[in-house]
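# Understanding the architecture of this molecule
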Number of protein chains: 2
Amino acid sequence: MIDNFTFYNPTKIVFGTGTIAKINKLIPHKAKVMVLYGGGSIKKNGVYEQVMAALKKREVLEFGGIEANPDYDTLLQAVKKIQKKGVNFLLAVGGGSVIDGVKFIALAALYPGKDPWDILAGDGLSQATEALPFGTVLTLPATGSEMNSNAVISRRSIQEKLSFGSDLVFPRFSILDPETTYSLPQKQVRNGLVDAFVHVIEQYLTYPVGALVQDRQAEAILMALMDAAPAALRMPPDYNARANYMWAATCALNHTLSRGVPEDWATHNIGHELTALYGLDHAETLAAVLPWLLWYKRKQKQAKLLQYGYRVLGIKTQKYADRIDQTIEATSAFFHSLGMPTTLTAYGIDPEEAAQKVQARMESHQWTFGEHNDITGKDAAEILRLSR
Amino acid sequence: MIDNFTFYNPTKIVFGTGTIAKINKLIPHKAKVMVLYGGGSIKKNGVYEQVMAALKKREVLEFGGIEANPDYDTLLQAVKKIQKKGVNFLLAVGGGSVIDGVKFIALAALYPGKDPWDILAGDGLSQATEALPFGTVLTLPATGSEMNSNAVISRRSIQEKLSFGSDLVFPRFSILDPETTYSLPQKQVRNGLVDAFVHVIEQYLTYPVGALVQDRQAEAILMALMDAAPAALRMPPDYNARANYMWAATCALNHTLSRGVPEDWATHNIGHELTALYGLDHAETLAAVLPWLLWYKRKQKQAKLLQYGYRVLGIKTQKYADRIDQTIEATSAFFHSLGMPTTLTAYGIDPEEAAQKVQARMESHQWTFGEHNDITGKDAAEILRLSR
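Residues numbered from 1 in each chain as written. Chains lettered and ligands numbered in written order. Predicted model: local features only at pLDDT ≥ 70, side-chain atom pairs only at ≥ 80, totals over all residues.

Time to look at the overall build of chain A. Counting its regular elements, chain A contains 16 helices and nine strands. Whereas a compact globule of 388 residues would reach a radius of gyration of roughly 21 Å, chain A reaches 21 Å, a difference of no more than 12%. Each of the three principal axes of chain A carries a C-alpha extent, and together these read 65 × 45 × 45 Å. Taken across its 388 residues, chain A has 54% of its residues classed as buried. Partitioning the contacts of chain A with sequence separation of at least 6, the portion at a separation of at least 24 is 76%. (Helix = DSSP H or I, 4+ residues; strand = E, 2+ residues; numbered from the N terminus. Rg over C-alpha atoms; globule rule 2.2 N^0.38 Å. Buried ≥ 20, exposed ≤ 12 C-beta atoms within 10 Å, placed from the backbone. Contact = placed C-beta atoms within 7 Å.)

Residue and element names in this part refer to chain A. At their nearest, the axes of helix 13 (residues 302-311) and helix 14 (residues 320-337) sit 9 Å apart, and the two run at 65° to each other. By the criterion of interaxial angle, the relationship of helix 13 to helix 14 is roughly perpendicular. Seen along the crossing, helix 13 lies across helix 14 with a hand that is left-handed. Side by side, helix 13 and helix 14 meet where Gln302, Leu305, Leu306, Tyr308 and Gly309 of the first sit next to Tyr320, Arg323, Ile324, Gln326 and Thr327 of the second. Tallied by class, residues from the contact of helix 13 with helix 14 come to five nonpolar, four polar and one charged. (Axes fitted to C-alpha atoms, helices over the stretch in contact; angles between N-to-C directions. Parallel < 35°, antiparallel > 145°, perpendicular 65-115°, else oblique. Left-handed = near helix turned anticlockwise from the far one by under 90°. Nonpolar A, V, L, I, M, F, W, Y, C, P; charged D, E, K, R; others polar.)

Attention now moves to the relation of the copies chain A and chain B. Rotating chain A by 180° and moving it 0.0 Å along the rotation axis overlays it on chain B with an RMSD of 0.0 Å. Both copies of the chain, as the preceding transformation shows, are related through a two-fold rotation axis. For chain A, the minimum C-alpha distance to the rotation axis belongs to Pro10 of chain A and amounts to 2.0 Å. A share of 100% of interface residues in chain A that are also interface residues in chain B marks the association as one of identical surfaces. (Least-squares fit on C-alpha atoms with pLDDT ≥ 70 in both.)

The next subject is the interface of chain A and chain B. Every contact between the two is made by 35 residues of chain A and, on the other side, 35 residues of chain B. Elements supplying a minimum of two residues to the side of chain A that touches chain B: strand 1 (5-7), strand 2 (12-15), helix 9 (212-233) and helix 10 (239-251) of chain A. With eleven residues, helix 9 of chain A is the largest single contributor of residues to the side of chain A that touches chain B. Here the side of chain A that touches chain B is built from residues that sort into 21 nonpolar, ten polar and four charged. Bridge count for strand 2 of chain A against strand 1 (residues 5-7) of chain B is three bridges, and the pairing is antiparallel. Across the sheet, Phe15 of chain A pairs through a bridge with Phe5 of chain B, a residue of strand 1 of chain B. (Pairing = 2+ DSSP bridges.)

Attention now goes to the domain arrangement of chain A. When the parts come together, some accessible area is lost, and that loss is often what is quoted as the size of the interface. All names here are of chain A. Partitioning chain A into domains gives domain 1 (12-180) and domain 2 (186-386). When each unit is reduced to the centre of its C-alpha atoms, the spacing between domain 1 and domain 2 is 28 Å. Residue-level contacts link 13 residues of domain 1 with 19 residues of domain 2. Its residues assigned to classes, the side of domain 1 that touches domain 2 comprises seven nonpolar, four polar and two charged. (Domains from an automatic or database assignment.)

Below, the discussion takes up the sheet that holds strand 1 of chain A. Spatially, the seven strands line up as an open sheet ordered 1(A)-2(B)-9(B)-6(B)-5(B)-3(B)-4(B), and their pairing is mixed. Edge positions in the sheet fall to strand 1 of chain A together with strand 4 (60-63) of chain B, since each of these pairs with one other strand and no more. Strand-to-strand twist of the sheet, defined as the mean angle between neighbouring strand axes without regard to direction, takes the value 20°.

The subject of this paragraph is unusual backbone geometry. The omega torsion of the bond from Met235 of chain A to Pro236 of chain A falls at -5°, within 30 degrees of zero and hence cis. Its location among the elements puts Pro236 of chain A in the loop between helix 9 and helix 10. We note that His255 of chain A has phi near 75°; this positive angle belongs to a residue other than glycine. Note that His255 of chain A resides in the loop between helix 10 and helix 11 (266-278). Non-glycine residue Asn69 of chain B carries a positive phi angle of around 55°. Assignment of secondary structure puts Asn69 of chain B in the loop between strand 4 and helix 4 (72-85).

A sheet is described by the order of its strands in space; here seven strands give the open sequence 4(A)-3(A)-5(A)-6(A)-9(A)-2(A)-1(B), paired in mixed fashion. What marks the edges here is a single partner per strand, and that holds for strand 4 (60-63) of chain A together with strand 1 of chain B. On average, each strand axis in the sheet is inclined to that of its neighbour by 20°, with strand direction left out of account. Bridge analysis of strand 2 of chain A against strand 9 (residues 173-176) of chain A gives four bridges, and the strand direction is parallel. Bridged to Ile13 of chain A within strand 9 of chain A is Ser174 of chain A.

Here chain A averages 97 in pLDDT, and 100% of its residues register 70 or above. For this predicted complex, the interface score ipTM comes out at 0.97, while the overall pTM is 0.97. (pLDDT = per-residue confidence, 0-100.)

Right, let's get into helix 9 (residues 212-233) of chain B. Residues and elements named next belong to chain B. The end-to-end C-alpha separation of helix 9 is 32 Å, in line with the 32 Å expected for 22 residues at 1.5 Å each. Remark: the principal bend of helix 9, roughly 30°, maps to Asp227, with a proline, Pro230, within the next four residues. Most of helix 9 sits out of view: 17 of its 22 residues are buried. (Expected span 1.5 Å × (residues − 1). Bend = angle between axes of the 7 residues up to and from the residue.)

Turning our attention to the pairing of strand 3 (residues 33-37) of chain A. All names here are of chain A. Along strand 3, five of the five residues are buried, which leaves the element largely enclosed by surrounding structure. Direction of pairing for strand 3 relative to strand 4: parallel, over a ladder of four bridges. Within strand 4, the position partnered with Val33 by the bridge is Val60. Across five bridges, the pairing between strand 3 and strand 5 (residues 89-94) is parallel. Its bridge partner being in strand 5, Val33 is matched across the sheet by Phe89.

Our next topic: helix 16 (residues 377-386) of chain B. Of the positions making up helix 16 of chain B, those classed as buried are Gly377, Asp379, Ala380, Ala381, Ile383 and Leu384 of chain B. The elements touched by buried residues of helix 16 of chain B are helix 11 (266-278), helix 12 (282-296) and helix 15 (351-365) of chain B.

With that settled, the discussion passes to the environment of Gln186 of chain B. With respect to the element layout, Gln186 of chain B can be found in helix 8 (residues 186-204). For the pair Gln186 of chain B and Asp118 of chain B, spaced 68 residues apart in sequence, the C-alpha separation works out to 38 Å.

Residues and elements named next belong to chain A. If you trace the backbone, Glu202 turns up in helix 8 (residues 186-204). Distance in space between the C-alpha atoms of Glu202 and Asp325 is 19 Å, their sequence separation being 123 residues. Ignoring sequence-local partners within four residues, the contact set of Glu202 consists of Glu263, Asp264, Trp265, Thr267 and His268.

See the structure below:
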């Protein structure tokens, strides 16, 4: 049976060419604004200039240097500056890391408890009743953070990486101008496409509960991503191709697809360990895990694998076992077509070593993953051993 | 090229069995509430009792009798009562007519101008800066009003029917409990399925602009509606079938599908005239117009007709003209499978008479319809003459 669900997503999306010019009208007239960004790529591709030009009549504070996988200690520096200067509106300019970081900053700046680390590691979220309002200017479509209420924060000093979600941290608005992606290295576009694709898979490829709408909506985004991918990677960039990639990545994780249906996320969870151990890009870990996880779990996932193969990939082979093999192979082939390897060995990683390390870490935390919560450390190790 | 667009939809959806019990927590603690409804079917099917039980600790005012195609004069009576009693939260319990009516009431109750008719017929909407907050309990899935910002209001005394849309009138929440549909007459379920289906067609079957995501999302809802329809009509009612019908109807018109793409709405516009002239149910007018409009416009709509036939209906006949014929026939066959005739003659209406009357009315108002705005009164007449 389809589960009961709540859907709520108040973020205003302003999509299209030239839309950065609209941010001044989207921010309250009297707000004291801080612009937050990452390593400075926005100063090279013209986005920083566009943002500042749009805000030219305002006094604007800045905070740069939010790193990929935003770090708790960095974010606390921003919180201090915000509190000291009386900033009351934040503008995140960047990709998922900057936006995730700003979500945490927005909550931490108004946090009534003692230690904002409790927002992530304790019961701080239940104490928080408000967050600073913020908007975003997205420059790297991938994580969907621009239209959801979740964030992942790292704390390198104690080797932790934790996530949170709260209705308080939906962006007030997000500017999605496909032209901001024109200067992205091809590798980041490839990563964004794979990340978005696997986001949908995690919310879809579990077991059927009869949710016809949610299934079709997930299949819609998967097909749109597959259709959009070749053109999105081509240079010089094409507007429609980048627009499709950008909007698909947002729609892949804006809470629509997961309503009332089971979710997996084991590929992400195992992938996070690989990033921590070997520094692989997030999307690379997904490509190196997903096909092998699907194969390892092909009996439990049979009904949805057959549906995905038939509807999304057009694989209609009569014998179920063959159809499932071909479906998983076609998924790998899609990643390969983007220039994305799908084995640990292709990334220079020994599968056996990775298997043992991930198993040890999962067992020490007593973690289990997947829609049935039955993927143990031993299972994860078996999955990783297949990735060769 | 994909058009620039804004997407904003802050309505909170609370979906599932037993969710009416949650309304008390969704309405501000100190609010003075008025419950508004239609002809009283909610008193026969248990929905009224569930609503009142959920609100039992509050003093609640009531306003019943909002008619199908809600009437301006009726709605103004509600406005008077609201203003007199200091009501500050509205709860619409019913289908699209009740919800549309409450959207107007919410605006009119706080309207700063002299005559609230200006909201519909003049520039009143630009003067309105706030509306009373309201929630909905949906009992008839069809119009999508529970998750959008539009409404259609009739004023029988001067034979007018006008629509408006405003970000001020998104429902704060909408309760979607599939079990509230169990007592619906089969004819209303049939109508709701057709209405939702044609809503999607109006936003999709125009001409391609390269919007891969929006196209796939529209196709997803069309396929979900076609999959859900037979089971949704079966008695005794099945929970999942009704849940799929309900959620598909909401997703058909919640602003998602129309972002950045052309829209048609000629079938609706011509259909409204047929309801005014002959009292046909709204969905019946859509079924009696759409197939003939598609055939009449088959050259302009060729690319999308081929895509719709191929992707949604699985029609892959090689010769384009044949494929289009079969695509339109399959659309009619879908309506027939729901027990819905697709010709004016089947409804006992003379196509020639309807053609002449609609043409006269369109020409007197100088109306033209369609994604190219090129369907004149003469074209509408030709379309209606085909409906025999």
